Amino acid sequence: MKITLINDLSGFGNCSLTAAIPVLSALKHETHPFPSAILSNQTAYESYFLVDCSHYFDNYVKEWRKIGEKTDCVYLGFTPSKNLPEKSAALAEEYGAKFLFDPVLGDDGELYKCFDMSFVETYKKSVSKADFLTPNLTECCLLCGEDYPSLLSETDITAFTEKVFSLAERLQQEGAKNVIVTGVKFQNRLFNVCALESGRYLCECRYRGKAYSGTGDLFASVFLGYALKGEKYENAVKKAGDFVSECIAYSMKQNIPGVHGVDFFPFLKNL
């Protein structure tokens, strides 16, 4: 299938377009990128240089229409523009395409330093358009207006996962067809908590004890690649989680710093 990738291009960090293009290509999809921003390195580093390219989006789409190109899926990740989620959703609707929205906003209970709460309010408008919504727990809480620290204060795993399920289902009630809350950590366990069209699904992954930047991009890309090939969404979630876990384990053995992202290239042949 043809997939329009709307995400940043980072010189260092092994994330965003650098992750999505090879993964989706390995899964036999065509990738057609629009760089929403160009960064010297991804934003988890202490400093970075960023060029906002989002204002070129309309020109890109105009030319694509002119040459008669279409898309089967629009996949939106990082963008420095508040307006790009709505434009991306509209592009998917125009072509009757699937829309995966990875609402990149923050992590560990905090917004990334390039965003403020006005982004959260704008992003909420595009939740209802998503066929697939893949927030991490921080982003899920932000979109639901939930207090992140109080959620983490829960000590019982059953009660904790139930609360996360309820947040995912709230986003589903707002219109998102399938919600996957990614990389949910509870003590020394790691889960992907899913509210799917087929029902609830809790997928546990092996917890490796170290966080790497860009793993959310990697997960969403593997998941989407399999989902668009007709894999059951539960199976696509499991395969994506296992792939990311394997890449993390390998990167830890190579002593790769977390900010550099994982080395996933040796495992593309396994997709």
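Structural data are supplied above this passage.
The structure displayed is predicted, hence computed values, not measured ones.

Visitor: Quick question: what am I supposed to make of the side chain of Asp-131 here?
Guide: Within the secondary structure, Asp-131 sits in the loop between α4 (117-127) and β8 (132-133). Look at Asp-131 and you get buried, because its relative accessible area is 9%. Only 2.8 Å separates the side chain of Asp-131 from the backbone nitrogen of Phe-99, close enough to count as a polar contact. Ignoring sequence-local partners within four residues, the contact set of Asp-131 consists of Ala-97, Lys-98, Phe-99, Lys-177 and Asn-178.

Visitor: Looking at this model, I keep getting lost on the pattern of salt bridges. Mind explaining?
Guide: Two side chains with opposite charge may pair up if their charged atoms get near one another. Within this structure, the stated rule accounts for 13 salt bridges. The salt bridge involving Asp-131 is made with Lys-177; its shortest N-O contact spans 3.6 Å. Here Asp-131, found in the loop between α4 and β8, pairs with Lys-177, found in the loop between α7 (157-173) and β9 (178-186); they are 46 residues apart in sequence, far enough to count as distant. Members of the salt-bridge network, linked through shared partners, are Glu-162, Glu-169 and Arg-200.

Visitor: Would you mind going over the side chain of Asn-7 with me for this structure?
Guide: By secondary structure assignment, the location of Asn-7 is in strand β1 (residues 2-10). The residues contacting Asn-7, other than those within four sequence positions of it, are Ser-16, Leu-17, Phe-34, Pro-35, Ser-36, Ala-37, Gly-77, Phe-78 and Asp-217.

Visitor: Sorry, what's going on with the packing of aromatic side chains here?
Guide: Taken as a whole, this structure holds 14 aromatic pairs when the rule is applied. Taking 5.2 Å as the distance between ring centres and 75° as the angle between the ring planes, the aromatic pair formed by Phe-34 and Phe-57 counts as edge-to-face. In this pair, Phe-34 is assigned in strand β2 (residues 30-39) and Phe-57 in helix α2 (residues 57-66), connecting sequence segments 23 residues apart. Accessibility assignment for this pair places Phe-34 and Phe-57 in one class, buried. Between Phe-34 and Tyr-60, the ring centres sit 4.7 Å apart and the planes meet at 80°, which makes this aromatic pair edge-to-face.

Visitor: What am I meant to see in helix α5 (residues 137-144) here?
Guide: Helical geometry: 3.6 residues make up each α-helical turn, so side chains three or four residues apart lie on a common side. Summarising burial for α5: eight of the eight residues are buried, a large majority. Along α5, the residues classified as buried are Leu-137, Thr-138, Glu-139, Cys-140, Cys-141, Leu-142, Leu-143 and Cys-144. Packing partners of the buried residues in α5 comprise β6 (106-107), β7 (110-111), α4, α6 (148-152), α7 and β9. Between the side-chain oxygen of the N-cap and the backbone nitrogen of Thr-138 there are 3.1 Å, and the N-cap of α5 in question is Asn-136.

Visitor: Sorry, what's going on with the pairing of strand β4 (residues 73-76) here?
Guide: In summary, the side chains of a regular strand alternate between the two faces of the sheet. Because side chains alternate across β4, one face comprises the buried residues Cys-73 and Tyr-75, and the other comprises Val-74 and Leu-76, equally buried. Alignment of β1 against β4, held across four bridges, turns out to be parallel. Residue pairing in the sheet places Ile-3 in a bridge with Cys-73 of β4. With four bridges joining them, β4 and strand β5 (residues 98-101) adopt parallel strand pairing. Within β5, the position partnered with Tyr-75 by the bridge is Leu-100.

Visitor: So what exactly am I meant to see when it comes to the packing of helix α8 (residues 215-227) against helix α9 (residues 233-253) here?
Guide: When two helices pack together, their arrangement is given by the angle between their axes and by how far apart the axes lie. Axis separation between α8 and α9 bottoms out at 8 Å; the angle between their running directions is 140°. Here the hand of the crossing between α8 and α9 comes out right-handed. Residue-level contacts link Thr-215, Leu-218, Phe-219, Val-222, Phe-223, Tyr-226 and Ala-227 of α8 to Tyr-233, Ala-236, Val-237, Lys-239, Ala-240, Gly-241, Phe-243, Val-244, Cys-247 and Ile-248 of α9. Taken together, the residues of the contact of α8 with α9 sort by class into 14 nonpolar, two polar and one charged.

Rules behind the numbers
Residues numbered from 1 in each chain as written. Predicted model: local features only at pLDDT ≥ 70, side-chain atom pairs only at ≥ 80, totals over all residues. Heavy atoms only, no water. Helix = DSSP H or I, 4+ residues; strand = E, 2+ residues; numbered from the N terminus. Buried < 20%, exposed > 50% of the residue type's maximum accessible area, 1.4 Å probe, protein only. Polar contact = N/O pair within 3.5 Å; in protein donor to acceptor, adjacent residues only side chain to side chain. Contact = heavy atoms within 4.5 Å. Salt bridge = Lys/Arg side-chain N within 4 Å of Asp/Glu carboxyl O. Phe/Tyr/Trp six-rings, centres within 6.5 Å; stacked < 30°, edge-to-face > 60°. Pairing = 2+ DSSP bridges. Axes fitted to C-alpha atoms, helices over the stretch in contact; angles between N-to-C directions. Left-handed = near helix turned anticlockwise from the far one by under 90°. Nonpolar A, V, L, I, M, F, W, Y, C, P; charged D, E, K, R; others polar.

All we've got here are geometric facts, nothing functional implied.
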